[in-house]
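Per-entry structural report
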Amino acid sequence: MKIAMTGASGNMGREALKQTLELESVEWVRVLLSLKKKNHKLAKEWKKKYKERIQIVRGSVADENACLELVKDADYVIHMAAVIPPASDRSYRESEDCNLTGAINMVNAVKAQPKQPKYIHVSTVALYGNRDQNHPWARVGDPLLISPFDAYAMHKLKGEQYCLEAGLDCWAVLRQTAMLYPEMMSANIKDGLMFHTAVNAPLEWSTSRDSGRLVKHIFERDSKGEVSGFWKKIYNIGAGKRGRETGYDTFNDGFKMIGGSTEKFFKPNWMATRNFHGVWFADGDELEEMFHYQQDGVKEYWDEIASHHKIYKLGRIVPKGLIYLFLFRKLLHHENSPYRWAQKKDTARVQAYFGGEEAYRKIPKNWKDVKIMAKGDFGNYDDLREISFAKENGFLLSHGYDEAKPQSEWSDEEMTSAAEFRGGECLSPYAGDAYAALKWKCCEGHEFEMTPYTVLRGGHWCPKCGAMPWKFDRLAKKMPFYAQTWYDSHGEDENFIYSMTEEGKASMEREV
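The structure contained in this document is the topic of the report that follows. This structure is a prediction, so every number in the text was calculated from the model and none was measured. (Residues numbered from 1 in each chain as written. Predicted model: local features only at pLDDT ≥ 70, side-chain atom pairs only at ≥ 80, totals over all residues. Heavy atoms only, no water.)

For the rest of this paragraph, the subject is the overall build of the protein chain. Helix and strand counts for the protein chain come out as 23 helices and 17 strands. Over its C-alpha trace the protein chain gives a radius of gyration of 22 Å, about what one expects of a compact globule, namely 24 Å for 512 residues. In terms of overall dimensions, the protein chain has C-alpha extents of about 60 × 60 × 45 Å along its principal axes. Here the protein chain, with 512 residues, has 59% of them falling under the buried criterion. Counting contacts in the protein chain only where the partners sit at least 6 residues apart, residues at least 24 apart contribute 74% of the total. Of the roughly 21300 Å² of accessible surface on the protein chain, a fraction of 49% belongs to carbon and sulfur atoms. Once the 72 positive and 72 negative side-chain charges of the protein chain are each reduced to a mean point, those two points are 8 Å apart. (Helix = DSSP H or I, 4+ residues; strand = E, 2+ residues; numbered from the N terminus. Rg over C-alpha atoms; globule rule 2.2 N^0.38 Å. Buried < 20%, exposed > 50% of the residue type's maximum accessible area, 1.4 Å probe, protein only. Contact = heavy atoms within 4.5 Å. Areas by Shrake-Rupley, 256 points an atom, 1.4 Å probe, with all protein chains shown as cover. Lys, Arg positive; Asp, Glu negative; His and termini not counted. Charge placed at Lys NZ, Arg CZ, Asp CG, Glu CD.)

Structural data, given as structure tokens:
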């Protein structure tokens, strides 16, 4: 078995590489490493450890030739490379080069091979946009509502769409959930990004180790012919109930390592109230049933991190007031902090992340006045995290057509119904092939071509409306598909269009 990987130096990628090379059936893994200085050392370490079983191509996914060199003669290709927040917040161009151009180059490189390798595209939970206690559960086919100013999610959306529409012979898309990894605390404690996480944002944490195990098991079981029905589908990488938390208890788990908690270190008005991304996956058990990779629990993994990083124990003896004052309070003034945006009157971001200046001023100053999902203020928290409870109590969104009908029995009826639910029309007859493009028309009058699978099963819609400029306030008024979750955290009287320059400057305009 010959495997090509991008993103092998990342958190998921390092685990995927290590665990894949545990398979005796793997002849070699070829990885694409960027020319960053830190990767020189990594390349030497891998060569010393894995010898001829690892091949290294130096270059960028934004380089077409590097991608072609990477995938040559491979049986499988997995594209994990990504520039994620906060790096994507700092550099729109880096995000676009990796998350969009890189995705396009990798698909094209696979398609150019005389014998196409099987292709796995790793996408992201960020496509589902902001969720809260009203609809914390998502599944493949839900609307993809990219949070305004999230360049990472916008570029990943376009990259995934390109993959789905490319006509590859054999592919799978894996939407990765929130990732917990050993350097999680240290990597995120230097940026205002941590305050983007809403208190009641649902977060399903898969560890980097479990995600790497999933990749290993896909290669292992598929190469042996032990699974069927896996390819040409989109999946959510879930973590199971032990991985389901909210922003509030996620911070509690992390701060516990240094003797703190969410309420000891944060104030309620430091954190955004919306415009985040995070969900619990109602269909996350689908991959688990195929590949049996979910082994880590989030709380146990935090304990493991603490045991391997002794420096966190020192934090327990430091007065909590000092940590609060010199670490977290200091971060409030970081350029990526929502609190700073409010103080500096960044009108567009305050509207996007809080619902406006007035809404920001109304945020309670004391934790006792905040309704917290993790404390059971919206129902039994233990029940809320159960997939069966979600399905039985109306937490799942509608996709606008009869989902009980198998894909093999789709007809014009499903196409028409799905299009109308999206405020549009299906302009061509359905010929029975879910992967053959049809012509559609959106509520804004744009005509576009897209496969029925990408629309009905993927949740994608009009390429011109789905990303920047963000005009979901307008679209939700015309599209029941979007309205059912957009209005969980937005008012029907909001009428804003959000835009962002490549330099990261945010703006908005009010529609009359």
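Before going further, it helps to examine helix 20 (residues 412-421). Of the residues making up helix 20, those classed as buried are Glu414, Met415, Ala418, Ala419 and Phe421. Angularly, the buried residues of helix 20 cover 160 degrees about the axis, an arc narrow enough to put them on a single face. Pointing more than 90 degrees away from the buried face of helix 20 are the exposed residues Glu413 and Glu420. Residues of helix 20 that are buried in the fold lie against strand 13 (425-426), strand 14 (438-441), helix 21 (452-457) and helix 23 (480-486). Gly423 lies just past helix 20 and shows a positive phi near 75 degrees. (Arc of directions from axis to C-beta.)

As a further point, take the pattern of salt bridges. A complete count under the given rule lists 34 salt bridges for this structure. One salt bridge in this structure joins Glu160 and Arg175, with 2.6 Å as the shortest N-O distance. Of this pair, Glu160 sits in helix 6 (residues 151-165) while Arg175 sits in strand 7 (residues 171-176), and the two are 15 residues apart along the sequence. Taking the relative accessible area as the measure of exposure, Glu160 reaches 0% and is therefore buried. Here Arg361 ties to Glu357 by a salt bridge, and the two come within 3.1 Å at their closest N and O atoms. Of this pair, Arg361 and Glu357 both sit in helix 17 (residues 357-361), four residues apart, which is roughly one turn of that helix. Overall, Arg361 belongs to the exposed group, its relative accessible area being 52%. (Salt bridge = Lys/Arg side-chain N within 4 Å of Asp/Glu carboxyl O.)

The subject of this paragraph is the environment of Glu414. On the secondary structure map, Glu414 appears in helix 20. Here Glu414 falls in the buried class, since its relative accessible area comes to 2%. With sequence-adjacent residues up to four places away left out, Glu414 is seen in contact with Tyr401, Lys405, Glu409 and Leu456. Within the local environment of Glu414, its side chain forms a polar contact with the side chain of Lys405, the two groups lying 3.0 Å apart. (Polar contact = N/O pair within 3.5 Å; in protein donor to acceptor, adjacent residues only side chain to side chain.)

So, on to unusual backbone geometry. Going from Pro85 to Pro86, the amide bond is cis rather than trans, its omega being 5 degrees. As for its position among the elements, Pro86 is in the loop between strand 4 (76-79) and helix 4 (87-90). Residue Met468 is joined to Pro469 through a cis peptide bond whose omega torsion reads -5 degrees. Mapped onto the elements, Pro469 comes out in the loop between helix 21 and helix 22 (472-478).

This part covers the packing of aromatic side chains. Summed over the entire model, instances satisfying the criterion amount to 35 aromatic pairs. Taken together, the ring pairs in this structure connect Phe195, Phe251, Phe255, Phe265, Phe266, Trp270 and Phe328 into an aromatic cluster. Residue placement shows Arg349 over the ring face of Trp341; its charged tip is 5.2 Å from the ring centre. Across the ring face of Phe481, the terminal group of Arg422 is positioned such that the distance to the ring centre comes to 3.9 Å. (Phe/Tyr/Trp six-rings, centres within 6.5 Å; stacked < 30°, edge-to-face > 60°. Lys NZ or Arg CZ within 6 Å of the ring centre and 35° of its normal.)

Quick look at the sheet that holds strand 8 (residues 178-180) now. With mixed pairing, the three strands of this open sheet are ordered in space as 8-9-11. At either margin of the open sheet sits one strand with a lone partner, and together these are strand 8 and strand 11 (244-246). Each adjacent strand pair in this sheet contributes to an overall mean axis angle of 45 degrees, direction not counted. Packed onto the sheet, helix 8 (residues 208-223) meets strand 8 and strand 9 (202-207) and runs at close to 65 degrees relative to strand 9. (Pairing = 2+ DSSP bridges. Axes fitted to C-alpha atoms, helices over the stretch in contact; angles between N-to-C directions.)

Once that is clear, we can look at the nonpolar core. Core analysis: the biggest nonpolar cluster contains 166 residues, and Met5, Phe219, Phe230, Phe266, Trp440 and Trp461 have the highest contact counts within it. Ignoring anything within four residues of it in the chain, the contact list for Phe266 reads Met194, Phe195, Phe251, Phe255, Met271, Phe328 and Trp367. Counting nine residues, the second largest nonpolar core, distinct from the first, contains Ala282, Tyr381, Ile387 and Ala390. (Core = buried A, V, L, I, M, F, W, Y, C linked by side-chain atoms within 4.5 Å.)

It is worth spelling out the pairing of strand 10 (residues 233-237) at this point. Among the five residues that make up strand 10, four are buried, leaving the element largely enclosed by the rest of the structure. One ladder, built from five bridges, connects strand 7 with strand 10; its direction is parallel. Paired with Gln176 across the two strands is Ile237, which belongs to strand 10.

As a further point, take the sheet that holds strand 10. If you trace the seven strands from one edge of the open sheet to the other, you get 3-2-1-4-5-7-10, paired in parallel fashion. Among the strands making up the open sheet, the edge pair consists of strand 3 (54-58) and strand 10. On average, adjacent strands in this sheet sit at an angle of 20 degrees to one another, irrespective of strand direction. Note: strand 1 (residues 2-6) against strand 2 (residues 28-33), five bridges, orientation parallel. Looking across to strand 2, one finds that Met5 is bridged to Val31. Across the sheet, helix 1 (residues 11-20) lies against strand 1, strand 2, strand 3, strand 5 (118-124), strand 7 and strand 10, angled at about 165 degrees from strand 1, the strand it touches most. Lying on the sheet, helix 8 is in contact with strand 1, strand 4, strand 5, strand 7 and strand 10; it crosses strand 4 at an angle near 160 degrees.

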